[in-house]
Amino acid sequence: MTARRLPLTGVRVLELGNYIAAPTTGRMLADFGAEVIKIERPETGDELRNWRLKQGTTSMLYRTINRNKKSVVLDLRSEEGRASALELVRRSDIVLENFRPGTIEKWGLGPEVLEGANPDIILVRISAFGQTGPMSERPGFAAVAEGYSGFRELVGDPDRPPVRVGVSIGDSIAGMQAAFGAVMMLFDRQRQKITGAAEAVVGSDHSFEGRGSLADRTVDVALNEAMFSVMESLVPDYSAFGETRTRTGGRMEGIAPSNGYLCAGGKSVVIAGNGDGIYKRLMDAIDRPDLGEDPELQTNAARWERREELDEAIGAWCAQRDVTEVVDALETAGVPAGPIYTAEDLVADEQLAARDMIQHLDVSTGEETLSDVAFPGITPVIGGSSIPIDHLGPDLGEHTDEVLEQLGVQRPERD
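Please read all numbers here as calculations on a predicted model, not as lab measurements. (Residues numbered from 1 in each chain as written. Predicted model: local features only at pLDDT ≥ 70, side-chain atom pairs only at ≥ 80, totals over all residues. Heavy atoms only, no water.)

*Asks:* For this particular structure, what's the right way to read the nonpolar core?
*Replies:* Most often, soluble globular proteins keep nonpolar side chains buried together rather than apart. Grouped together as the largest cluster of nonpolar side chains are 42 residues, with contacts concentrated most on Val13, Leu29, Ile94, Val124 and Ile126. With residues near it in sequence (within four places) discarded, Val13 still touches Leu29, Ala34, Glu35, Val36, Ile37, Ile94 and Leu96. Core analysis: the next-biggest nonpolar cluster, separate from the first, contains 25 residues, Leu14, Leu74, Ala85 and Ile121 among them. (Core = buried A, V, L, I, M, F, W, Y, C linked by side-chain atoms within 4.5 Å. Buried < 20%, exposed > 50% of the residue type's maximum accessible area, 1.4 Å probe, protein only. Contact = heavy atoms within 4.5 Å.)

In structure tokens:
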């Protein structure tokens, strides 16, 4: 079988990040062919190696987030480690970091130094609040940034404190935006090399005047802004109408009926019957044509006012049927619905399997090798199915000798 050509083949990324945000960016770039060299501190490496650690010395979380990368151990606080890092910068296209603003500057690896080492380098930075502004120097994880973005206020039930979703959504969204920014800068840099001189972009007022400074090629992602960017019309609704949205549990403000419902047997289903035509089909399917024909329930706004009544009717119907019967009946009726999956459901799902979204690999815990472990595939899909995972997150320093020797960089004695 011919190996698939990946679109970022030939791009080299130097990842200085820890935890989830910047490593998510690095993972996305590595998934599509970039050579991502992950710099880790001596002895302990990325702290993610110990997060949700069930066995051994390296967690499944680390193996997942850092797949397809190379691990190189360098002490960036030492002069020798800094010198080696700068040699890698000279041979890279992108530097990616998510330290507290000012940290890489303190290590002697600030933007001016990076640009001096490589005038074409692209710098991608992820931090809690961005590189500028009165809060820029504050430390903060995504959990804090989610609060500042307005997101956390909308998650949970109205009579209880705000809650956190079960994944690191703030880090992941910021990582995706940083990946987009990195590829955007690569595209712009390549276009400038092709065109050579300043050239107006068709349909816009922007022009490109040569290479520019590193400031023009720095992607500055703030965790709070990344989450704020997905808050839809939260601020415009407040600014225009004085509306302050509140938590609505499993519902979405102004959209009804749309919720999760418990089925017989203990499984749950999500039903989205909020389109006007879909709503009538849903009411027919649950044997409540009276609600489907009610003239006061023909718009989303009106249905939202009677959401409790509608959820009670749908819930009563679901409670008498198992989740498969519910989903099958609603599929026949043309109503969007689906089961709420657990991990057990995901690994057995035919749709995910058909697109290679569950991939089985052997993985080391650091103490033993586990066979045939399921890992999530690569998104987005190109060519009909997921790109195969080349390798899982590496052991600490697994590629130090290989990378430094291949690129002609002397290994620091103390690392």
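*Asks:* Any chance you could explain the packing of helix H1 (residues 21-31) against helix H7 (residues 169-195) here in plain terms?
*Replies:* The relative placement of two packed helices is expressed as an angle between their axes plus a distance between the axes. At a closest axis distance of 7 Å, the pairing of H1 and H7 adopts a crossing angle of 50°. Between H1 and H7, the interaxial angle falls into the category oblique. Crossing handedness for the pair H1 and H7: right-handed. In this structure, H1 contributes Ala21, Thr24, Thr25, Met28 and Leu29 to the contact, and H7 contributes Asp171, Ser172, Gly175, Met176, Ala178, Ala179, Ala182 and Val183. (Axes fitted to C-alpha atoms, helices over the stretch in contact; angles between N-to-C directions. Helix = DSSP H or I, 4+ residues; strand = E, 2+ residues; numbered from the N terminus. Parallel < 35°, antiparallel > 145°, perpendicular 65-115°, else oblique. Left-handed = near helix turned anticlockwise from the far one by under 90°.)

*Asks:* I keep staring at the domain arrangement of the protein and nothing clicks. Help me out?
*Replies:* Often, the extent of an interface is quoted as the loss of accessible area upon association of its parts. If you check the domain split of the protein, you get domain 1 (12-200 + 212-231 + 391-407) and domain 2 (253-262 + 268-339). Put simply, the middle of domain 1 and the middle of domain 2, counted by C-alpha atoms, are 43 Å apart. (Domains from an automatic or database assignment.)

*Asks:* How should the sheet that holds strand E9 (residues 258-262) be read in this particular structure?
*Replies:* The sheet built from 3 strands is open, its strands ordered E9-E10-E11 with antiparallel pairing. Looking at which strands have only one partner, the edges of the open sheet turn out to be E9 and strand E11 (337-339). Within the sheet, the average angular offset between the axes of one strand and its neighbour, ignoring direction, is 20°. Judged from the 5 bridges that link them, E9 and strand E10 (residues 268-272) form a sheet pairing that is antiparallel. Looking across to E10, one finds that Tyr261 is bridged to Val269. Along the sheet, helix H13 (residues 307-319) makes contact with E9 and E10, crossing E9 at roughly 35°. (Pairing = 2+ DSSP bridges.)

*Asks:* I tried to follow the layout of surface pockets on my own but got confused; where do I start?
*Replies:* The method is simple in principle: a probe with the dimensions of a water molecule rolls over the atoms, and the space it marks as empty is what remains. Quantified by volume, the largest pocket comes out at close to 930 Å³. Going through the elements one at a time, H1, helix H2 (60-65), H7, helix H15 (343-347) and strand E13 (369-376) are the ones with two or more residues in the lining of the largest pocket. By volume, the second largest pocket amounts to about 590 Å³. Residue lining of the second largest pocket: 32 residues in total, with Asn18, Tyr19, Asn98, Phe99 and Arg100 positioned closest to the centre. Secondary structure elements with two or more residues in the lining of the second largest pocket: strand E2 (35-40), helix H4 (103-106) and strand E5 (122-127). A per-class count over the lining of the second largest pocket returns 16 nonpolar, 6 polar and 10 charged. (1 Å grid on protein atoms, 1.4 Å probe; cavity = no way out; pocket = protein on both sides within 12 Å on 5 of 7 lines; lining within 4 Å. Points joined across faces, edges and corners; volume = space filled by probe spheres on them. Nonpolar A, V, L, I, M, F, W, Y, C, P; charged D, E, K, R; others polar.)

*Asks:* Any chance you could explain the packing of aromatic side chains here in plain terms?
*Replies:* The relation between two aromatic rings is expressed through the spacing of the ring centres and the mutual angle of the planes. Summed over the entire model, instances satisfying the criterion amount to 4 aromatic pairs. Consider the rings of Tyr19 and Trp51, whose centres lie 5.3 Å apart with planes at 35°: the pair is tilted. On the criterion of sequence distance, the pair formed by Tyr19 in the loop between strand E1 (12-15) and H1 and Trp51 in the loop between E2 and H2 is long-range, its members being 32 residues apart. The class of Tyr19 is partly exposed, set by a relative accessible area of 22%. Relative accessible area serves as the criterion here: at 31%, Trp51 is assigned to the partly exposed category. Aromatic pair Phe129 and Tyr148: ring centres 5.1 Å apart, planes at 85°, arrangement edge-to-face. In this pair, Phe129 is assigned in the loop between E5 and helix H6 (142-149) and Tyr148 in helix H6, connecting sequence segments 19 residues apart. For Tyr148, a relative accessible area of 46% gives the class partly exposed. By the ring-pair criterion, three or more aromatic residues cluster together here, those being Tyr19, Trp51 and Phe141. Its end group placed over the ring of Tyr62, Arg49 keeps NZ or CZ at 3.9 Å from the ring centre. The ring of Tyr279 has Arg303 sitting right over it, with the charged end atom 4.7 Å from the ring centre. (Phe/Tyr/Trp six-rings, centres within 6.5 Å; stacked < 30°, edge-to-face > 60°. Lys NZ or Arg CZ within 6 Å of the ring centre and 35° of its normal.)

*Asks:* So what exactly am I meant to see when it comes to the confidence of the model for the protein here?
*Replies:* If pLDDT is low for a region, its predicted coordinates should not be looked at in detail. Of the residues in the protein, 95% have a pLDDT of 70 or more, and the chain-wide mean is 92. When mean pLDDT is taken per element in the protein, E1 scores highest with 98 and strand E7 (residues 207-208) scores lowest with 39. (pLDDT = per-residue confidence, 0-100.)

*Asks:* Even after reading the chapter, I still don't get helix H14 (residues 323-333), so can you show me in this structure?
*Replies:* Each turn of an α-helix holds 3.6 residues, which means side chains three or four residues apart point in the same direction. The set of residues buried in H14 consists of Val323, Val326, Val327 and Leu330. The arc that holds every buried residue of H14, seen down its axis, measures 95°, which confines them to one face. Each element contacted by the buried residues of H14 is listed here: E10, helix H10 (276-285), H13 and E11. Its side-chain oxygen 3.2 Å from the backbone nitrogen of Thr324, Asp322 forms the N-cap of H14. Note on H14: the residue one or two positions beyond its end, Gly334, has a positive phi of about 80°. (Arc of directions from axis to C-beta. Polar contact = N/O pair within 3.5 Å; in protein donor to acceptor, adjacent residues only side chain to side chain.)

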